[in-house]
Amino acid sequence: MFRSYRVGTVFGIPFRLDITFLFILPVFAWVLGAQISVLIPRLNETFGTTIDPGPLTQGVRPLVIGAIAAVSLFACVALHELGHSVVARHYDYEVESITLWLLGGLAKPAELPKNWLHEFWIAVAGPLVNVVIATACGLVLLVVPSVDVVVFLLLFLGLLNVSLAVFNMLPAFPLDGGRVLRALLARNRSYVDATRTAATVGKGFAILLGLGGLLMGNFFLLAIALFVYIAATSESRQMMLDAAFEGVEIEDVMTPADELVTVEADTPISDLLDVMLEERHSGYPVLDTGDFVGIVTLEDIQSVDRKDAVAAEQMTPVEQLATIDPSAEVMAAFRMVGETDIGRLPVVDSGELLGIITRTDLMRAFKIVTARDQFEGERLNEEQTPPGQPPRDRQRTPSDERQSEWEFQQNR
Ligand SMILES: [Zn+2]
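The shown structure was predicted, so the numbers you read here are calculated from the model rather than taken from an experiment.

Asker: How would you summarise the coordination of the zinc ion if you had to cite specific residues and measurements?
Answerer: For the zinc ion, the full set of protein donor atoms is H80 (NE2), H84 (NE2), D176 (OD) and D176 (OD), at a range of 2.0 to 2.6 Å. Around the zinc ion sit 4 donor atoms, and with donor-metal-donor angles ranging over 55 to 148° the site reads as irregular. Look at H80 and you get buried, because its relative accessible area is 4%. On the accessibility criterion, D176 (8% relative accessible area) is buried.

Asker: Any chance you could break down the nonpolar core for me, citing the residues and the numbers?
Answerer: Nonpolar side chains in soluble globular proteins generally cluster together in the buried interior. By size, the foremost hydrophobic cluster in this structure holds 39 residues, and its most contacted members are F28, I51, L56, L73, F74, L100 and F152. Listing elements by their share of this core, those giving two or more residues are β2 (13-18), α1 (19-47), α3 (61-90), β3 (95-101), α4 (116-143) and α5 (148-168). Per element, the largest residue contribution to this core is 10 residues, and it comes from α3. Among residues more than four places away in sequence, those in contact with L56 are I36, I40, I51, R61, P62, I65, D148, V149 and F152. If you look at the next biggest cluster of nonpolar residues, it comprises 22 residues, including V253, V330, F334 and I357.

Asker: Residues and numbers for unusual backbone geometry, please.
Answerer: For D92, which is not glycine, the phi dihedral falls at a positive 70°. Following the sequence through the fold, D92 ends up in the loop between α3 and β3. Its identity is not glycine, yet S350 carries a phi of approximately 35°, on the positive side. As for its position among the elements, S350 is in the loop between β10 (344-349) and β11 (352-358).

Asker: Which residues make up the sheet that holds strand β6 (residues 263-264), and what values do they have?
Answerer: Reading across from one edge, β6-β7-β8-β9 is the order of the 4 strands in this open sheet, with mixed pairing throughout. The open sheet has two edge strands, β6 and β9 (316-317), and neither has a second partner. In this structure, strand β7 (residues 283-288) lies alongside strand β8 (residues 291-297), joined through 6 bridges in antiparallel fashion. Note on β8: the bridge partner recorded for V286 is G294. Helix α10 (residues 269-279) rests against β6, β7 and β8 of the sheet, and its axis sits at about 135° to β7.

Asker: Residue-level account of the sheet that holds strand β5 (residues 255-256), with values.
Answerer: Taken in spatial order, the 3 strands line up as β5-β11-β10 in an open sheet, and their pairing is antiparallel. Edge positions in the open sheet fall to β5 and β10, since each of these has one partner strand only. Across 6 bridges, the pairing between β10 and β11 is antiparallel. Each bridged residue has a counterpart across the sheet, and for P346 the counterpart in β11 is I356.

Asker: So what's going on with α3? Which residues, and what values?
Answerer: Here α3 contains 30 residues, and its C-alpha end-to-end distance of 43 Å stays within 8% of the 44 Å for a straight helix at 1.5 Å per residue. Positioned one or two residues after α3, D92 has a phi angle of 70°, which is positive.

Asker: How would you sum up the packing of α1 against α3? Please name residues and give values.
Answerer: If you want to describe how two helices pack, look at the angle between their axes and the distance between the axes. At a closest axis distance of 7 Å, the pairing of α1 and α3 adopts a crossing angle of 130°. As the angle between them shows, α1 and α3 are arranged oblique. Crossing of α1 over α3 shows right-handed handedness. Across from F21, I24, L25, F28, A29, W30, L32, G33 and I36 in α1, the residues of α3 making contact are P62, L63, I65, G66, A67, A69, A70, V71, L73 and F74. Of the residues assigned to the contact of α1 with α3, the class counts are 17 nonpolar, 2 polar and no charged.

Asker: If you had to explain the environment of Y93 to someone new, which residues and values would you point to?
Answerer: Along the polypeptide, Y93 turns up in the loop between α3 and β3. Y93 gets classed as buried once you look at its relative accessible area, which sits at 12%. A sequence separation of 20 residues divides Y93 from P113, and the C-alpha atoms of the two residues are 7.5 Å apart. A polar contact is formed between the side chain of Y93 and the side chain of H118, at a distance of 2.8 Å.

Asker: If you had to explain the environment of I98 to someone new, which residues and values would you point to?
Answerer: Structurally, the position occupied by I98 is in strand β3. With 84 residues separating them in the primary sequence, I98 and P14 have C-alpha atoms 6.3 Å apart.

Asker: Tell me what's going on with the packing of aromatic side chains, and back it up with residues and numbers.
Answerer: Counted by the stated rule, this structure contains 3 aromatic pairs. Ring geometry for F28 against F74: centres 5.7 Å apart, planes inclined by 75°, an arrangement best described as edge-to-face. Of the two residues, F28 sits in helix α1 while F74 sits in helix α3, which places them 46 residues apart along the sequence. Taking relative accessible area as the criterion, F28 reaches 18% and is therefore assigned buried. The exposure class of F74 is buried, given its relative accessible area of 5%. Between the aromatic rings of F152 and F156, the centroid separation amounts to 6.2 Å while the plane-to-plane angle is 20°, which identifies the pairing as stacked. Here F152 and its partner F156 are both found in helix α5, 4 residues apart, which amounts to about one turn of the helix. Comparing F152 with F156 shows no difference in burial state: the two are buried. For R187, the ring lying beneath its charged end belongs to W116, and the centroid distance is 5.7 Å.

Asker: Which residues make up the environment of T135, and what are the values?
Answerer: Mapped onto the elements of the fold, T135 is located in helix α4. Given a relative accessible area of 44%, T135 falls into the partly exposed group. Sequence separation of T135 and L159 is 24 residues, and the distance between their C-alpha atoms is 10.0 Å.

Rules behind the numbers
Residues numbered from 1 in each chain as written. Predicted model: local features only at pLDDT ≥ 70, side-chain atom pairs only at ≥ 80, totals over all residues. Heavy atoms only, no water. Donors = N, O, S within 2.8 Å, 3.2 Å for Na, K, Ca; no water. Tetrahedral: all angles 85-135°; square planar, octahedral: opposite > 155°, others 65-115°. Buried < 20%, exposed > 50% of the residue type's maximum accessible area, 1.4 Å probe, protein only. Core = buried A, V, L, I, M, F, W, Y, C linked by side-chain atoms within 4.5 Å. Helix = DSSP H or I, 4+ residues; strand = E, 2+ residues; numbered from the N terminus. Contact = heavy atoms within 4.5 Å. Pairing = 2+ DSSP bridges. Axes fitted to C-alpha atoms, helices over the stretch in contact; angles between N-to-C directions. Expected span 1.5 Å × (residues − 1). Parallel < 35°, antiparallel > 145°, perpendicular 65-115°, else oblique. Left-handed = near helix turned anticlockwise from the far one by under 90°. Nonpolar A, V, L, I, M, F, W, Y, C, P; charged D, E, K, R; others polar. Polar contact = N/O pair within 3.5 Å; in protein donor to acceptor, adjacent residues only side chain to side chain. Phe/Tyr/Trp six-rings, centres within 6.5 Å; stacked < 30°, edge-to-face > 60°. Lys NZ or Arg CZ within 6 Å of the ring centre and 35° of its normal.

Here it is, written out as structure tokens:
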């Protein structure tokens, strides 16, 4: 995705054209136009039609027909995305925008559905639109007069929509089929677990698609495989974190103010060093008659040579600190700590220090919620195991543990 332009809204959903789409459209028109002479005999053979390729491949006609076919292709892709979006809206999920780009369409939801039935219907709606269009093409074919160009375009569009439906239903997360798979998996296990499995299947399919693309010399397929692989990796990571922190509040993660060791603004640096030696933390909130005014760290005072220097002179003042609101999502804290190099994030509500979130706090919280999720998944499995059969063994292995640490590292 590069630069995109907003071209209008449908049902209140902004439609955008990515710059890559504007490049790929004429290429598609040209390729499709050039394929007409090859396609027509095949269509005649398969469907018993009698389209005469002669007139359709003369002069600029292939280009014009190619252009119509390419625009229709993207129109069908747009309708497919609209299918997803309308159902998402129906379930009260916000859809930020629909974008047409190099590899088709993307409906960008503001949030991911956490209810398996919602996700199932949202995912199925797109391919379902293509099935409806294909059926409509078939029905129209039965009633229109057999003008060669019309028959050709209707057959082409019908087949195209069948392929779009089939391709998108491949269980390659994040393609629609992968989302359906995740939704079905999430029926009896946690979302984190379902996402992990769906993403693994998705990556496997991406590798198969890529190999297929390489063997056939089909670079479009190769590009899609690469996209699926990257998207499966990043979305599953995002989803895992999102799902893991579902319902977890900033308050649950932070070290509350009353458990924090604080220093006064006028604490001499020599005393501060004693505190550091005793407490073994490297950063301390600085209070001035009860008000939170900044944070002083070991690095801040390492260069001090004046014996009478005090904490307030060396600290980073609160105005220059990244802080977080107690009502924010834990994921926001995750991103802030991840994107910047800050080790601790003060939780501040209208100037008052409520607590501090450190990287260690987040790491610990992540491990706990993942373990809890695993535990709940196991409990569910046990409940669903028929009597007499031992519950499925889903012990967390050390390599799983490393995996989640790696995922955390990637997000930092
Ligand atoms: Zn779709």
